[in-house]
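Structural characterization, general
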Number of protein chains: 4
Amino acid sequence: MSYATQKLVEEKVFKDPVHRYIHVRDQVIWDLINAKEFQRLRRIKQLGTSYLVFHGAEHSRFSHSLGVYEIVRRISDDVFHGRPEWDESERLTVLCAALLHDLGHGPFSHSFEKVFNVDHEEFTRAILTGDTEVNEILKKVSPEFPAHVAEVIAKTYANKQVISLISSQIDADRMDYLQRDAYYTGVSYGHFDMERILRVMRPLADQVVIKSSGMHAVEDYIMSRYQMYWQVYFHPVARSAEVILRKILQRAKELSESGYKFKQPPTHFLAFFDRSFTLADYLALDEGVLMTYFQLWMDERDPILADLCDRFVNRRLFQYVDFDPGKDYKKLGELASLFKKAGIDPEYYLIDDSTSDLPYDFYRPGEEEERLPIQLLMPNGDVKELSRLSQVVDAISGKRRTDYKLYFPAELLIDGQKKAIKQQILDMLREGGV
Amino acid sequence: MSYATQKLVEEKVFKDPVHRYIHVRDQVIWDLINAKEFQRLRRIKQLGTSYLVFHGAEHSRFSHSLGVYEIVRRISDDVFHGRPEWDESERLTVLCAALLHDLGHGPFSHSFEKVFNVDHEEFTRAILTGDTEVNEILKKVSPEFPAHVAEVIAKTYANKQVISLISSQIDADRMDYLQRDAYYTGVSYGHFDMERILRVMRPLADQVVIKSSGMHAVEDYIMSRYQMYWQVYFHPVARSAEVILRKILQRAKELSESGYKFKQPPTHFLAFFDRSFTLADYLALDEGVLMTYFQLWMDERDPILADLCDRFVNRRLFQYVDFDPGKDYKKLGELASLFKKAGIDPEYYLIDDSTSDLPYDFYRPGEEEERLPIQLLMPNGDVKELSRLSQVVDAISGKRRTDYKLYFPAELLIDGQKKAIKQQILDMLREGGV
Amino acid sequence: MSYATQKLVEEKVFKDPVHRYIHVRDQVIWDLINAKEFQRLRRIKQLGTSYLVFHGAEHSRFSHSLGVYEIVRRISDDVFHGRPEWDESERLTVLCAALLHDLGHGPFSHSFEKVFNVDHEEFTRAILTGDTEVNEILKKVSPEFPAHVAEVIAKTYANKQVISLISSQIDADRMDYLQRDAYYTGVSYGHFDMERILRVMRPLADQVVIKSSGMHAVEDYIMSRYQMYWQVYFHPVARSAEVILRKILQRAKELSESGYKFKQPPTHFLAFFDRSFTLADYLALDEGVLMTYFQLWMDERDPILADLCDRFVNRRLFQYVDFDPGKDYKKLGELASLFKKAGIDPEYYLIDDSTSDLPYDFYRPGEEEERLPIQLLMPNGDVKELSRLSQVVDAISGKRRTDYKLYFPAELLIDGQKKAIKQQILDMLREGGV
Amino acid sequence: MSYATQKLVEEKVFKDPVHRYIHVRDQVIWDLINAKEFQRLRRIKQLGTSYLVFHGAEHSRFSHSLGVYEIVRRISDDVFHGRPEWDESERLTVLCAALLHDLGHGPFSHSFEKVFNVDHEEFTRAILTGDTEVNEILKKVSPEFPAHVAEVIAKTYANKQVISLISSQIDADRMDYLQRDAYYTGVSYGHFDMERILRVMRPLADQVVIKSSGMHAVEDYIMSRYQMYWQVYFHPVARSAEVILRKILQRAKELSESGYKFKQPPTHFLAFFDRSFTLADYLALDEGVLMTYFQLWMDERDPILADLCDRFVNRRLFQYVDFDPGKDYKKLGELASLFKKAGIDPEYYLIDDSTSDLPYDFYRPGEEEERLPIQLLMPNGDVKELSRLSQVVDAISGKRRTDYKLYFPAELLIDGQKKAIKQQILDMLREGGV
């Protein structure tokens, strides 16, 4: 028997709060889960800084990755199995892609990638095809298998049906994270009838479609996404933590570049500061490592770095006001001037942030959105895009609604010197409607 | 208005998956939650190494502490409020004790305390009464308030009623962790009717009792504990990780004491190696910090330290066999000799572990057990200990059932040299019933 | 102490799957629950014929009525209590109105009311103010109390705030039935964060409003309604049973009027056939009584009555096709002619039914809708109607979407004689898109 | 293709709150569900009079029967499928037996059977093998198929493995009803990890066993049973209703036998009074029919029948005291005398009831218990009975704990004449500890 078809003597199960059990029967999958690059995902939180708002959201990308795998396994083994439009030979490829789709994520990905100009998708590809345990395992299936899995994740694979299981507007990734994030945060959104959606999924020539009888279940899923975005993912307080995190990394980089002498040298970061990093450098990072530095840096001489780290570690976050970049842009300039006069560096303490910065969208077919839209299979065999049939989805799709906030350290504006200027700042901020 | 009675302008709530919402109205509680020593609990997992078996169990002591607070708040404000046996002036003391009862826990407490001979309860007292933000806040209530809170947690407080809310066989601590650990692991044990138990709790002169009409709900709670212990807390694979962790710390200490020169100096540990640590040294530790060291130590020259760290970080755990310390003790000596002959240090690679080592018990009234037993209030006003009335509880109480396992690195016994000796070892282990 | 303020010695609780426990402390409420007119609600299903599609939906109006009471009790005692805009003296009135709002419902209300031209709201008033146990109890509070409770339910009460707790677009009635119907059917819709909605409800001068920070929770509630309507309440198969039920009652009435001699005389119905009924006649009816007649009538000589009863009792329902009353009206006439030619009475076997017939709407502010719209309370104190702020709600509100179906007995058109005509009928129906 | 192996064109599903979905693919199963004898189970409550205590418990035997079928289907198709010890040819037999095992239950079975000396198991056999729609369907599989299904249900079938799926101490019947009754009552007992139990079930030569690794899950299931029995099934208030029900039927029979002239003749009961009933007479009964009579009989001239019916219909139940048949037997005689003196017929108003009367047991291997005990499959292939390995189960098994109550109408003893005697009665009852 080839490695690709090798089964475990006895099925292994993982207890999972969302799917009850995760079932593993393939030796390949079992080996991948035990690879160190996959185990590393235990050290990276699924929701980044959201645990500072929703204290239950301490779950990792490891759990989510198992969940995505399980959903795809069920679609493949229970729903698609035996259907003529489904190519059974793609099964292992899609299971591996599901399991490994987030493999390149680093600690607090969003901010880290922004400051150091890196991309987790490139790292995913690098781990799949580079010198790693994961690559060793995939190569045992066939020499070209690592590349195939990477292509599915990169959405360049020839078989679009396979891609759409992993990344479309209603893929296994989203179905897992909505339910999982809802479970761990404890919010009552995020529930939808996944059983029903799985039952009405159908493989077609080059895509996966949903039988139109399941339209209401899909509407419910879309609304769950919508609610989760506004209630959880875009939460302004989690974004406050994200803003501070970004500024910490930016400050450390700037200090390093300017020749600042750290009491605690930023060993793990150096290769990122000067862009000489290797894959091994990247894999050495995780959220525990970053937090360890931040705690050490609370004792740095640079007051900005020390203060920002204290804020992040001890959750002394920035406050915020709504901000209209069209109307308030001039005001932002004035505020920056006043901050300087008050002795507070606006580069680090007056930050505008918008949800467009976040890599999310609830449902937007077309243009820049790279995920495939949801197609409904009508009783007569036609295929129609969801928002053409659903009033509800049409109402919220395509309309990018950006939420702008201006973040600042409220306590610094109350205490101490230069009261008059600080009062002026506070007045301006309040006008904006704190 | 005094600080002790000061209320927030608007009640704050935390979304919690177990209790739906955690409600905070007291300024003191709000300030304590924001103290850095309390925020630090976010960086310490509630279930230590259990997440390596139950991947969902990534929740922190922060969440649990809020949960215990919420249960006590409900008992105090909803159930006991207005009852003549309940002294309203104890309310804030018991709320603070509930919130802060785990404050002294360190990273992977159980192993850390064992190796370095420290005690998290002493650290809790030190944080409450030492130079900390928490102490600053408590002192604002009254000069003796920090000591009172510490006494409740240490079970030396004069009012036993207050103690039994926090530490008895059916206290808020246990009621929260059973439900919370069940929720995050996803197991179906751990459920019981807390609503009903809360409704039938009654304050008496010097204890808290349960109306006998609630006996079946309490039985169900006891059985939940029993199940959680055997299914989750005593899980042999989590104990395997715990064993490795303990051996890492022991090895690092030993190396340090023997003058070994670390490539990555164990700065954070030094004060613990030579027992010169301060409270600040202790508070600088968390699980991210320890994991950061373990990852660095994977590159140490000492092969034992490097190997053990790789095992813990990448989840390459020891296997185990059942082990009867009475019958198999001689065998253990023989095995140790064979390990030495095979070139594997038995001190680090042949470890017997028993659940008696674990700081847990499902229900044992009396002797060494320090938690107060469960007392039922009969309709005629008598008070009777639970196991005298419940056959089920009687069946499992008092009978300490210890589970012994012998842990070892199975792969090392298969690969490589000295095959004959290794085969002899494997044969001996198998007899024990692998 | 007056009867109005009399409390039970010990609080009584009812175990409830939706709200965990229903709490009763007022003697008046306890007495009302034990009144025979209230106990009668146990014999009337909350969802009429829906149990023939969702087998779990066998719950009664009794459960729902307790649930509505519990929600209002929580709003009154936990949220509104102590707020200056809330008049504590209205508490008992609104609790009674909540508990009793459905008291006049009869068996399979919708169809029964249609055929016999009666109105459950009039019966509710009659029970509250007539010669009943409920009236006896209410009168003990004060002579005018029964009328006050009736006015709240009839929405004619002076205090509009009180009315809007019981009947608005987001009242306790709807919040209970959505959750309860979802629970018993087992569908995954119907969930929303009621805890949060209750927390943000505020009494204003003459209405109840929702703090705008809770808008997303309200959106989620509206979407739950939308989903429940299309997935559960408008389910075409349940409507098929409803259509048959209506035709049974219509046939029995017609036979009675035409002097038909029943083998089993329709004793309970006679007063409704000739509109001489009293309140006692109405209260003697329930769904068990109706079903008993239907089972007896399966043996009647009239083939239409016997057949329709067999269909309802043994769940041999009509099939259906979509139907466009604008386009297909002429076709309906032709079909009726063909049915007659085929020997099948179209009056009883070819029935068009639309969801507009159903007394439901998901969210439609204004005109004919009598329920008060949802008002959001802005941070600046303004009040704005929900659909002006929520894109999602705006998308689905006001647009009455009617679903038309044409029901018919498919098997009768296949078997037996006159095959050619029947084939012609089937062809016409299929065009319409079976 | 034979009828036995005929599949539906598309799988049908029923939404079920307990198992999410019930899946039907076999034409035989689909036809059986639509048979009128099976549809009749919708009109018989699963928990008899328990809804008068747990208002949510209004679910029918129809739902439960579908649930048992679904569990057996999963065992057969997912767990046993492909195992050499499992005879695939038994699949349809066991599915039908699962679906139909409760087919002979009548309205309020327990009391009805007692008074009229009938047995629902005989009716089940009669329906399966008599002139019914169900029999027509089963015969289409093969002439002997109805008898085989009946034998499985009667536990006389040759293949004991098949029997133990349907009736053992851990069969599909019990697994469904525990979860379902817990769900509908809303109690927090009744939960156990069925997924895990199903995973560790194994077919052996002539039984079904559980892998010993699943012992704790089985313990949890046994404890769930234990809790459900004492909290729900043996609830003294539900038994009060049951006692009244029994006395209504007894009184009606007695009156009929004594030539009493009913205003509303008990047509449906006559054949049971004189034991001339046919299967058709039995199938004509359901709980709606009985309730219809009870409501009519509230107007009968016989004061006992009228009063008892009023009590049952309007939930005016008897009160109760604990009663020790050993110690209090003489007292019972004295009480009966006093009742007579007070003008209250003790035959109908002073009733002792014990839980031994109820057809239940939580776990008792051996003797009179007809259900097969739970056998654990050890790693070495041995089979051991559960209570030999589990302390917890041993503690509660075999020890029949009977709960005795004495029921009486409290209000009749307070009001009216003969106060002295009544007071004497009340004093005697109170001694017993009301």
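Scroll up to find the structure.
These numbers come from a predicted model, not from an experiment.

1. Structural notes on the overall build of chain A
A count of helices and strands for chain A gives 22 helices and nine strands. The globule rule puts the C-alpha radius of gyration for 434 residues at 22 Å, and the 24 Å found for chain A is close to it. Dimensions of chain A, computed from the C-alpha atoms along their principal axes, are close to 75 × 50 × 35 Å. Per-residue burial for chain A yields a buried fraction of 63% across its 434 residues.

2. Brief notes about the nonpolar core
One finds Leu-100, Met-175 and Ile-197 of chain A together with Leu-100, Met-175 and Ile-197 of chain C to be the most contacted residues of the largest nonpolar core, which totals 177 residues. Not counting the four nearest positions on each side in its chain, Met-175 of chain C is found in contact with Ile-71, Ile-170, Phe-192, Met-194, Ile-197, Leu-198, Met-201 and Tyr-221 of chain C.

3. Regarding the interface of chain C and chain D
The interface is formed by 41 residues belonging to chain C together with 41 residues belonging to chain D. Taking both sides of the interface into account, the surface hidden between chain C and chain D amounts to around 3300 Å²; carbon and sulfur atoms contribute 48%. Inspection of the region where chain C meets chain D yields two salt bridges. Close ionic contact of Arg-316 of chain C with Glu-133 of chain D constitutes a salt bridge, the shortest N to O distance being 2.6 Å. The interface formed by chain C and chain D includes 21 residue pairs in polar contact (both at pLDDT 80 or more). Of all the secondary structure elements, the ones that give two or more residues to the side of chain C that touches chain D are strand 1 (7–16), helix 2 (36–39), helix 3 (61–80), helix 10 (172–185) and helix 16 (287–297) of chain C. Per element, the largest residue contribution to the side of chain C that touches chain D is six residues, and it comes from helix 16 of chain C. Looking at the side of chain C that touches chain D residue by residue, the classes come out as 17 nonpolar, 14 polar and 10 charged.

4. A few points about the relation of the copies chain A and chain B
Overlaying chain A on chain B yields an RMSD of 0.0 Å, the required transformation being a rotation through 180° with an accompanying axial translation of 0.0 Å. Taken together, the rotation and translation describe the operation of a two-fold axis. For chain A, the residue whose C-alpha comes nearest the rotation axis is Gly-288 of chain A, separated from it by 1.9 Å. When you check the interface residues of chain A against chain B, 100% turn up at the interface there too, and the contact is symmetric in its surfaces.

5. Considering the relation of the copies chain C and chain D
When chain C is brought onto chain D, the operation consists of a screw motion whose angular component is 180° and whose axial shift is 0.0 Å, with 0.0 Å RMSD remaining. A symmetric contact is evident, with 100% of the interface residues of chain C recurring at the interface of chain D.

6. Things to note about the interface of chain A and chain B
Tallying the contact residues gives 41 residues for chain A and 41 residues for chain B. For the pair chain A and chain B, the interface holds two salt bridges. Taken together, chain A and chain B are joined by 22 residue pairs in polar contact (both at pLDDT 80 or more). Contributing elements (two or more residues each) for the side of chain A that touches chain B: strand 1 (7–16), helix 2 (36–39), helix 3 (61–80), helix 10 (172–185) and helix 16 (287–297) of chain A. Of the residues forming the side of chain A that touches chain B, the biggest block, six residues, is contributed by helix 16 of chain A. The class makeup of the residues in the side of chain A that touches chain B is 17 nonpolar, 14 polar and 10 charged.

Parameters at a glance
- Residues numbered from 1 in each chain as written.
- Chains lettered and ligands numbered in written order.
- Predicted model: local features only at pLDDT ≥ 70, side-chain atom pairs only at ≥ 80, totals over all residues.
- Heavy atoms only, no water.
- Helix = DSSP H or I, 4+ residues; strand = E, 2+ residues; numbered from the N terminus.
- Rg over C-alpha atoms; globule rule 2.2 N^0.38 Å.
- Buried < 20%, exposed > 50% of the residue type's maximum accessible area, 1.4 Å probe, protein only.
- Core = buried A, V, L, I, M, F, W, Y, C linked by side-chain atoms within 4.5 Å.
- Contact = heavy atoms within 4.5 Å.
- Buried area = accessible area lost by both parts, 1.4 Å probe.
- Salt bridge = Lys/Arg side-chain N within 4 Å of Asp/Glu carboxyl O.
- Polar contact = N/O pair within 3.5 Å; in protein donor to acceptor, adjacent residues only side chain to side chain.
- Nonpolar A, V, L, I, M, F, W, Y, C, P; charged D, E, K, R; others polar.
- Least-squares fit on C-alpha atoms with pLDDT ≥ 70 in both.

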